[in-house]
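Next come the chains, spelled out residue by residue.
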Amino acid sequence: MTRTHVAAAVAVVLALLFAGVATVATAGGRGGEGEARTPAADSADAGFARDMSDHHQQAVEMSFIVRDRTADEEVRRLAYDIANTQANQRGMMMGWLDLWGLPKVAMDQEPMAWMGMPSHGSSHGSSHGSADGSSHGSADGSAQGSQALMPGMATRAELDRLRAASGKDAEVLYLQLMIDHHKGGVHMARGCVEKCATPVERRLAQGMVDAQESEVRLMTDMLATRGAKPRG
C-alpha cells in the first residue's frame, strides 16, 4: 500500500495548485467586485467533486489489488496508469472542496442527487448496493459506500473475489469490473459537463469522458485476447 500513499501525497500537492485555478475561474465577470464566487454545498460542482472522488478511490483500490494478483505486464501497466491518473484527479477534486470551504462528506445527500438521480441500487454499470448490505469505508473519511453505491462501483463481495483471484482469473475480473466502473464514471462526468458551473471542473470532467471511453475500448480488446468479454 506504500505506492497508494505516495500517489495520494502527490495528488494533494496537485490539488492545491489546481484548486486555486478553479476558484479564480469562478470569479471572472461575476459580482463586479472581483470577489470569488464559490459553489454551494448542494451544487453540481460540489456533488460531482465529492461523488467522483469516492468513485475514483475505488478504481485506485482495485488497480493496486490486481497488481498484486498477476504478473502480466500489460494488465499491471494499465492498472498503474489508472491508479496514478485517478489518484491525481481525486486530489484535485478534494482540493477544490477544501478551497471552497465545503465538506468532503454530505451525509444528508444521496450520491448522484446533484444529477437528479439518487442511487438506490441496481445492476452492473449503474448504481447498486453492497452485496452483503454493508458499507465501504475510506481511510481519509470520505463517504465511499456509506450510502448506496454509485454507477459502476463494485460491491464488497466483488472486491473480495478480486482479492482472492490470481493470474488470468484476476485479470479478467479486474477488466470486467473496471469496464463497469469506467462506464459509470463516464455517465457521472457527462453530468458535470452539462451541469457544473466551474470551467476548469467541466474541462476535467470532459477529459475523464474522453480518456475512460478510450480505456473501455482497450480493456474490451484485452478481455477478448483472454477469451472473455464485458459483463454487459
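These numbers were taken from a predicted model, which means no experiment stands behind them.

Description of the environment of Ala44
Here is step 1 of the chain: With respect to the helices, strands and loops of the structure, Ala44 is situated in helix 2 (residues 44–67).
Here is step 2 of the chain: For the pair Ala44 and Glu194, spaced 150 residues apart in the sequence, the C-alpha separation amounts to 9.4 Å.
Here is step 3 of the chain: In this structure Ala44 touches Trp114, Lys195 and Cys196, once residues within four positions along its chain are discounted.

Re the side chain of Glu215
Here is step 1 of the chain: You can see Glu215 is positioned in helix 6 (residues 199–225).
Here is step 2 of the chain: Buried and unpaired, Glu215 has no salt bridge, with Arg217 as the nearest side chain of opposite charge at 10 Å.

Comments concerning the pattern of salt bridges
Here is step 1 of the chain: Evaluated as defined, the whole model comprises 10 salt bridges.
Here is step 2 of the chain: Arg76 serves as the salt-bridge partner of Glu73, at 3.7 Å between the closest nitrogen and oxygen. Separated by 3 residues within a single helix, Glu73 and Arg76 lie in helix 3 (residues 73–100), roughly one turn from each other.
Here is step 3 of the chain: Salt bridges linked by common partners bring Asp72, Glu74, Glu171 and Arg226 together as one network.

Focus on the state of the cysteines
Here is step 1 of the chain: Summed over all chains, the structure comprises 1 disulfide.
Here is step 2 of the chain: Here Cys192 connects covalently by a disulfide to Cys196, the sulfurs 2.3 Å from one another. The S-S bond linking Cys192 to Cys196 shows a torsion near -120 degrees; that makes this disulfide left-handed.
Here is step 3 of the chain: Classification of Cys196 by relative accessible area gives buried; the value is 5%.

Definitions and limits used
- Residues numbered from 1 in each chain as written.
- Predicted model: local features only at pLDDT ≥ 70, side-chain atom pairs only at ≥ 80, totals over all residues.
- Heavy atoms only, no water.
- Helix = DSSP H or I, 4+ residues; strand = E, 2+ residues; numbered from the N terminus.
- Contact = heavy atoms within 4.5 Å.
- Buried < 20%, exposed > 50% of the residue type's maximum accessible area, 1.4 Å probe, protein only.
- Lys, Arg positive; Asp, Glu negative; His and termini not counted.
- Salt bridge = Lys/Arg side-chain N within 4 Å of Asp/Glu carboxyl O.
- Disulfide = S-S within 2.5 Å.

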